[in-house]
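Working through the structure, step by step
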Amino acid sequence: MDEERVAVLDPGPEKVIGPGHDFASVTTKIGGVVFMPFLRTPRQIFIGFACAFVLVNLFMVAVTWLFAKGVGVWGIVIPVAWGFAIVNFVWWIGIGHAGTLISAILLLLKQDWRTSINRFSEAMTLFAVACAGMFPILHLGRPWLAYWLLPYPNTMWLWPQPRSPLIWDVFAVSTYASVSFLFWFTGLIPDFGTMRDGAAKGWQQKIFGVLAMGWRGSAKHWARYQKAYLLLAGLSTPLVVSVHSVVSFDFAISILPGWHTTIFPPYFVAGAIYSGFAMVLSLAIPIRRWYHLEDLITMRHIECMAKVMLGTGLIVAYGYAMEAFMGWYSGNQFERFLFWNRTWGGHYFWTYWLLILCNILLPQLLWSRRVRLNVVAVFLLSLVINTGMWLERFVIVVTSLERDFVPSAWGRYYPTFWDIATFVGTIGVFLALMFLFVRGVPAISMFEMREVLHEEASHAHGD
Amino acid sequence: MLTETRLAGHVKLHGLMAQFSQPEPLLEAAHRAYAEGYRHMDAYAPMPVEGLADAIGFHSNAVSRWVFAAGLAGASGGFGLMWWISVIAFPHNVAGRPLNSWMAYIPITFECMVLVACFTAVISMLALNGLPEPYHPVFNVAQFARASRDKFFLCIEAADPKFDPGATRDFLAGLNAEEVLDVVP
């Protein structure tokens, strides 16, 4: 039954929008998700939110326990002082990157398939960065002193060290979070105007009215708006590259074998986009189905994203190959030992092969168009890739720290229950926020859909 | 169709508004109104329409200029702060490297540039647009609720020296408008 409905709604892999839509109908369809009466919300959303909310509570418990007891509740030891916290930090921030890529870079490249997924991915960025940002702070040990990371005049006349990549990270991540919010909110202003004008209930009108700030779609407004939006996109494009490069500097600037390599920045950025697109797919596929948005998020969107995953996955594969090659070519015994330890000798050797399976071998299925057009297969692969990318960060952080130069300094790392609870908890926080976002504000940009519709119509006339 | 909702003479109009259902007639109408000599006017659309701002004679690069200035300020501020911290406020010898190791300040300089420029882009866009602005006369027109949905409007304002209630109404009606509406202040 569902298959038939999808066949009717989805215009296939050639089109970015289903047939029969006009300016009013796209508005009604996208706005309708928000204006839907509370109890008419699809059952899956309630169930999904409930599950996520359980995990939010797990997160609360885990963080409370951490604050009460200190970071000793985690499995971190010397030499593996970073552990899950930094693995999760890098994973989450990487996921965020696809949102900015879709919004900014694809806008500059004028890709028509970006439009119905950009709002959604920007929200994903925002929530992923929020999850990411929590980890370094929780990891501080005394998280209430997190503001010490910022340069501010204080009675001790102490200042952060601007030559340290960890301070670069503070600036990069906080800038990224702020700019992602601005980008997302700016994109929403005209749509808030639409929601204000379409709201049936007074309280909805008031909320959307305040958020729209009096937007009235004047040509002068639009002219400045488009300029500002384009500038935001132009500034976000190098920003997104810089953020994950800076994250990779946290590793690459050190002298630890397995971290001290120049391939890290490009390979981290590609990996970030890889996992981010996987996350967009993991979220978009169920939501388009639950809210019947198959005519707005079409197979073309899914296929394009699958292709980006395949491409960035190959860059990541090149990164792995280079790591192995440089380990051998450097002629450095520590580098050679590290590679042997990662892939064969160490007790976490299986995580390396699992990561190769998840990130390199299985995604090769995406070469086949039949797989790319199979929604279930793409969804499963997106989950596999997210797992693989998490494992990649685990391998980088843990196996390198466990075995550095002198055997007397070696150690072993085992995550504890609280490590896992904090990590799974942030997944809950992320999903709960996504569920609220999809229900509370238009998840697809309405004014940009009208533009796409108008362009499609003019093309049809042109032919 | 032309609505005949004439208002009593003592109520001053904010302007007259023509309604269209597609962007092309609006663009055409805007061009013709500008050619006719009208200057105090605004066009309203549920999405950006290419060339519409030019058509009503609006050109502005103010946002870009503000962003450029803000980017410069952010970059120099970021670099200056890092330099001042490491050289003046808290000189700290790390493995004999020079205090002014400027290459290490570049990532933060870049981030500060982006941060300040992005905030300025949004804030200057809102400020120049006069937002937030809770009240505007165009909202008094009932049909205007569709300006954010599927209708396109051209409003010639009474402030225009060429504005004349009768003549302007006839002019707008001659532009293939679906309707001509009064905008009360």
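The rules behind the values
- Residues numbered from 1 in each chain as written.
- Chains lettered and ligands numbered in written order.
- Predicted model: local features only at pLDDT ≥ 70, side-chain atom pairs only at ≥ 80, totals over all residues.
- Helix = DSSP H or I, 4+ residues; strand = E, 2+ residues; numbered from the N terminus.
- Rg over C-alpha atoms; globule rule 2.2 N^0.38 Å.
- Buried ≥ 20, exposed ≤ 12 C-beta atoms within 10 Å, placed from the backbone.
- Arc of directions from axis to C-beta.
- Contact = placed C-beta atoms within 7 Å.
- Axes fitted to C-alpha atoms, helices over the stretch in contact; angles between N-to-C directions.
- Parallel < 35°, antiparallel > 145°, perpendicular 65-115°, else oblique.
- Left-handed = near helix turned anticlockwise from the far one by under 90°.
- Nonpolar A, V, L, I, M, F, W, Y, C, P; charged D, E, K, R; others polar.
- Pairing = 2+ DSSP bridges.
- Expected span 1.5 Å × (residues − 1).
- Domains from an automatic or database assignment.

Below, the discussion takes up the overall build of chain A. What chain A contains, in helices and strands, is 16 helices and zero strands. Expected size for 463 residues packed as a compact globule is a radius of gyration near 23 Å; at 23 Å, chain A falls within 12% of this value. Seen through its C-alpha atoms, chain A measures out along the principal axes to roughly 70 × 60 × 40 Å. A buried classification covers 50% of the 463 residues belonging to chain A.

Residues and elements named next belong to chain A. Within the sequence span of helix 7 (residues 202-212), burial applies to Phe208, Gly209 and Ala212. The buried residues of helix 7 occupy one face: seen down the axis, they fall within an arc of 110 degrees. What points out from helix 7, more than 90 degrees from its buried face, is the exposed set Trp203 and Lys206. Buried residues along helix 7 sit in contact with helix 6 (165-198). Met213 occupies a position one or two residues after helix 7 and carries a positive phi of about 60 degrees.

This paragraph deals with the packing of helix 10 (residues 299-329) of chain A against helix 11 (residues 333-345) of chain A. All names here are of chain A. At a closest axis distance of 7 Å, the pairing of helix 10 and helix 11 adopts a crossing angle of 140 degrees. Between helix 10 and helix 11, the interaxial angle falls into the category oblique. Two packed elements cross with a definite hand, and for helix 10 against helix 11 that hand is left-handed. Taking contact as the criterion, the partners of Ala324, Met326, Gly327 and Trp328 in helix 10 are, on helix 11, Glu335, Arg336, Leu338 and Phe339. Of the residues assigned to the contact of helix 10 with helix 11, the class counts are five nonpolar, one polar and two charged.

Attention now moves to the packing of helix 3 (residues 43-69) of chain A against helix 15 (residues 417-440) of chain A. Residue and element names in this part refer to chain A. The contact between helix 3 and helix 15 brings their axes to 7 Å, and the two run at 140 degrees. Judged on the interaxial angle alone, helix 15 and helix 3 are oblique. Seen along the crossing, helix 3 lies across helix 15 with a hand that is left-handed.

All names here are of chain B. Taking strand neighbours across the sheet as the criterion, the four strands line up as 2-3-1-4 in an open arrangement whose pairing is antiparallel. Two strands lie at the open edges of the sheet, namely strand 2 (41-44) and strand 4 (179-183), each paired on one side alone. Direction aside, neighbouring strands of the sheet carry axes that sit 20 degrees apart on average. Relative to strand 3 (residues 152-157), strand 2 is paired through four bridges, and the arrangement is antiparallel. Each bridged residue has a counterpart across the sheet, and for Ala43 the counterpart in strand 3 is Leu154. Its contacts with the sheet put helix 1 (residues 23-36) on strand 1 (15-20), strand 2 and strand 3, and the angle it makes with strand 3 is roughly 20 degrees.

Glancing now at the interface of chain A and chain B. The interface of chain A with chain B comprises 47 residues on the first partner and 52 residues on the second. Those elements giving two or more residues to the side of chain A that touches chain B turn out to be helix 2 (23-35), helix 6, helix 8 (219-252) and helix 16 (446-462) of chain A. No other element matches helix 8 of chain A, which puts 16 residues into the side of chain A that touches chain B. Among the residues forming the side of chain A that touches chain B, the class breakdown is 24 nonpolar, 14 polar and nine charged.

Okay, helix 10 of chain A next. Its 31 residues place the ends of helix 10 of chain A 44 Å apart at the C-alpha level, agreeing with the 45 Å of an ideal helix rising 1.5 Å per residue. The first or second residue beyond helix 10 of chain A is Gly331(A), which carries a positive phi of 70 degrees.

The assigned domain composition of chain B is domain 1 (15-57 + 136-183) and domain 2 (62-128). Taking the mean C-alpha position of each, domain 1 of chain B and domain 2 of chain B sit 44 Å from one another.

Let's shift gears to unusual backbone geometry. A cis geometry characterises the amide bond from Ile78(A) onward to Pro79(A), with omega recorded as 20 degrees. Examined against the element boundaries, Pro79(A) turns out to sit in the loop between helix 3 and helix 4 (83-108). Pro132(B) follows Leu131(B) through a cis peptide bond whose omega is -5 degrees. One can find Pro132(B) in the loop between helix 4 (106-128) and strand 3. Backbone geometry at Lys110(A) places phi at a positive 55 degrees, although glycine is not the residue there. Inspection of the secondary structure puts Lys110(A) in the loop between helix 4 and helix 5 (115-138). Under the C-beta neighbour-count criterion, Lys110(A) is labelled exposed, with 7 such atoms within 10 Å. Of note in the backbone geometry, Asn176(B) takes a positive phi value of approximately 65 degrees without being a glycine. Position of Asn176(B) among the secondary structure elements: in the loop between helix 5 (165-173) and strand 4. The exposure class assigned to Asn176(B) is exposed, which follows from the 12 C-beta atoms found within 10 Å.

It is worth spelling out the environment of Leu58(A) at this point. By the secondary structure assignment, Leu58(A) is in helix 3. Residues in contact with Leu58(A), not counting those within four places in the same chain, are Ala421(A), Val424(A), Gly425(A) and Gly428(A).

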